[in-house]
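Topology and contacts: notes
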Amino acid sequence: MSDAIRPQPGILDIALYQGGQAHVSGVSNVVKLSSNENPFGPSEKAREAYLRAAHQLHRYPSTDHAELRAAIAEIHGLDPERIICGVGSDEIITFLCQAYAGPGDEVLRTEHGFLMYDISARAAGATPVAVPERERTTDVDALLAACNARTRLVFIANPNNPTGTMIGAKEVARLAEGLPEQALLVLDGAYAEYVEGFDGGKALVEARDNVVMTRTFSKIYGLGGLRIGWGYGPKEIIDVLNRIRGPFNLSTTQLEVAEAAVRDQDWVAKCRGENTRMRAWLAEALAEVGVPSDTSTANFILARFADAEEAEACDAFLKSEGLIVRKTGGYGLANCLRITVGDEASCRRVAHAVTQFKGQR
Ligand code: PMP
């Protein structure tokens, strides 16, 4: 390859994102608990919409997503004009970085924050900055102290991935109020639906002009395979993001299924209830055998081991038992494993396997 053909600066610094594998060779009855997917999948109504969409595949999809935005707005009590829909919330994160950060700019995220923020920041030519957390929880003081004249975006996930912790509305508001005037706060609410009564920071987005919220259909809606997310923010910012959005970024199928899914809040409540019940059960079962975790508010727990070697060994043992969980070394937490809260049978298998593992040490 000629030296003259080269990517933009920063691109080769991007570490490839490792998706969760779904198989272990030679092991049957494998359950994937590494990508925070909903073990029950999407609602029946969303599945029916998927089949209905098959009759429209020759038509181009809507370019303005008006019906999906109207449905999201109705369910969440939002202004549809301030909603943008994308290919997963990943795409909204990418749009934000493309539109608001470039060479010389800094994009802040918390120490153990989601890896996509760095990928998108670097792809836009900006510099990602990891800001220390306090006890694996977002530290507003540290974020404010890390801001400077180059800060353009500040990403926090609330609840956070992979720690499962979250901070309260007052702390989030303090962060938004304290940012330099050229910086935008992005509240990533990928796991917001797992917290009863929490709407991702909607009130703050409505009250301020420097806050955007991102949401996804990949988690509680059980639609990770279909790739749909959305963002909510000030009208001017949504207008900017729409200018860089491809007109047909979402397919007819994505739009129809997401609309049916968001209208089925009974399914969301049922999945949240099951998750809350099994999350508490799993956390307690692991703690009883000497594997603690912070109180999680999401659909996974971050199990802490004595050190990186023990976490690695437990991961290998779980794999041999057909249980795929997530190693968190890439998040700076090599002594931990992130375990998605599966259905009851999966949680029991995990607890049994970790108990066996600890018994052998
Ligand atoms: N934010 C966080 C914190 C996540 O954990 C994830 C998925 N792992 C996403 C955003 C992206 O989700 P999606 O692109 O599937 O909407």
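Everything numeric in this text was worked out from a predicted model, so none of it was measured. (Residues numbered from 1 in each chain as written. Predicted model: local features only at pLDDT ≥ 70, side-chain atom pairs only at ≥ 80, totals over all residues.)

**Considering the UniProt feature "modified residue: N6-(pyridoxal phosphate)lysine" (unreviewed entry) in the protein chain**
What counts here: UniProt positions are given in the numbering used here, feature names are shortened, and annotations may be inferred rather than shown by experiment. Here a helix means four or more residues in a row that DSSP labels H or I, a strand means two or more in a row labelled E, and each is numbered from the N terminus. Exposure in this text rests on C-beta crowding, where 20 or more other C-beta atoms within 10 Å of a residue's own make it buried, 12 or fewer make it exposed, and counts in between make it partly exposed. The C-beta atoms are placed from the backbone. A pair of residues counts as a contact when their C-beta atoms, built from backbone coordinates, are within 7 Å of each other.
Within this numbering scheme, the UniProt entry marks K219 as carrying the feature "modified residue: N6-(pyridoxal phosphate)lysine" (unreviewed entry). Locating K219 in the fold gives a position in the loop between β7 (211-216) and β8 (229-232). With 28 C-beta atoms counted inside 10 Å, the residue K219 sits in the buried group. Those residues in contact with K219 that sit more than four places away from it in its chain are N36, N38, A190, Y191 and N299.

**Some remarks on the domain arrangement of the protein chain**
For the record, the criterion: Source of the domain bounds: an automatic or database domain assignment. Each residue is assigned to one of three groups, with Ala, Val, Leu, Ile, Met, Phe, Trp, Tyr, Cys and Pro labelled nonpolar, Asp, Glu, Lys and Arg labelled charged, and all others, Gly among them, labelled polar.
On domain assignment, one finds that the protein chain holds domain 1 (11-41 + 266-359) and domain 2 (44-264). Between the C-alpha centres of domain 1 and domain 2 the distance comes to 24 Å. Contact residues are listed per partner, giving 31 residues for domain 1 and 24 residues for domain 2. Listing elements by their share of the side of domain 1 that touches domain 2, those giving two or more residues are α10 (265-288) and β9 (300-304). Examining the composition of the side of domain 1 that touches domain 2, we find that six residues originate from one element, α10, more than from any other. For the side of domain 1 that touches domain 2, the per-class residue count stands at 13 nonpolar, 11 polar and seven charged.

**Brief notes about the pairing of strand β12 (residues 336-340)**
Spelled out, the test is: Strand pairing is defined by DSSP finding a minimum of two bridges between the two strands.
Across the five residues that make up β12, a large majority, five, are buried. One ladder, built from five bridges, connects β9 with β12; its direction is antiparallel. Each residue of the ladder has a partner; that of A303, found in β12, is L337. As paired elements, strand β11 (residues 326-327) and β12 share two bridges and run antiparallel to each other.

**Here's the deal with the site of the ligand**
The line we're drawing: Whether a residue is near a molecule or strand depends on its C-beta atom, placed from the backbone, lying within 6 Å of it.
Near the ligand there are 13 residues, and of these G88, S89, D90, T216 and S218 occur at the shortest range. Of the residues forming the shell around the ligand, the biggest block, three residues, is contributed by helix α3 (residues 88-100). Residues belonging to the shell around the ligand are distributed by class as follows: three nonpolar, eight polar and two charged.

**Some thoughts on the environment of A126**
You can see A126 is positioned in the loop between α4 (116-123) and β4 (127-131). Apart from the residues within four sequence positions on either side, A126 is in contact with C97, A101, G102, P103, D105, E106, V107, A121 and R152.

**So, the sheet that holds β8**
Test applied: Between N-to-C directions, angles span 0 to 180 degrees; the directions come from axes that are lines fitted to C-alpha atoms, helices contributing only their stretch in contact.
The seven strands lie next to each other as β2-β8-β7-β6-β5-β3-β4, forming an open sheet whose pairing is mixed. Since the sheet does not close on itself, it has two edges, and those belong to β2 (83-86) and β4, each with one partner. Adjacent strand axes in the sheet meet at a mean angle of 20° when their direction is disregarded. Sheet analysis places strand β5 (residues 151-157) next to strand β6 (residues 184-188), joined by five bridges and oriented parallel. Within β6, the position partnered with V154 by the bridge is L185.

**A look at the nonpolar core**
What counts here: As used here, a nonpolar core is made of buried Ala, Val, Leu, Ile, Met, Phe, Trp, Tyr and Cys residues. They are joined through C-beta atoms within 7 Å.
L96, C97, L153 and V154 are the most contacted members of the largest nonpolar core, which totals 94 residues. When we break this core down by domain, the ones giving at least three residues each are domain 1 (11-41 + 266-359) and domain 2 (44-264). Each residue touching L96, except ones within four places of it in the same chain, is listed here: L153, V186, V212 and L241.

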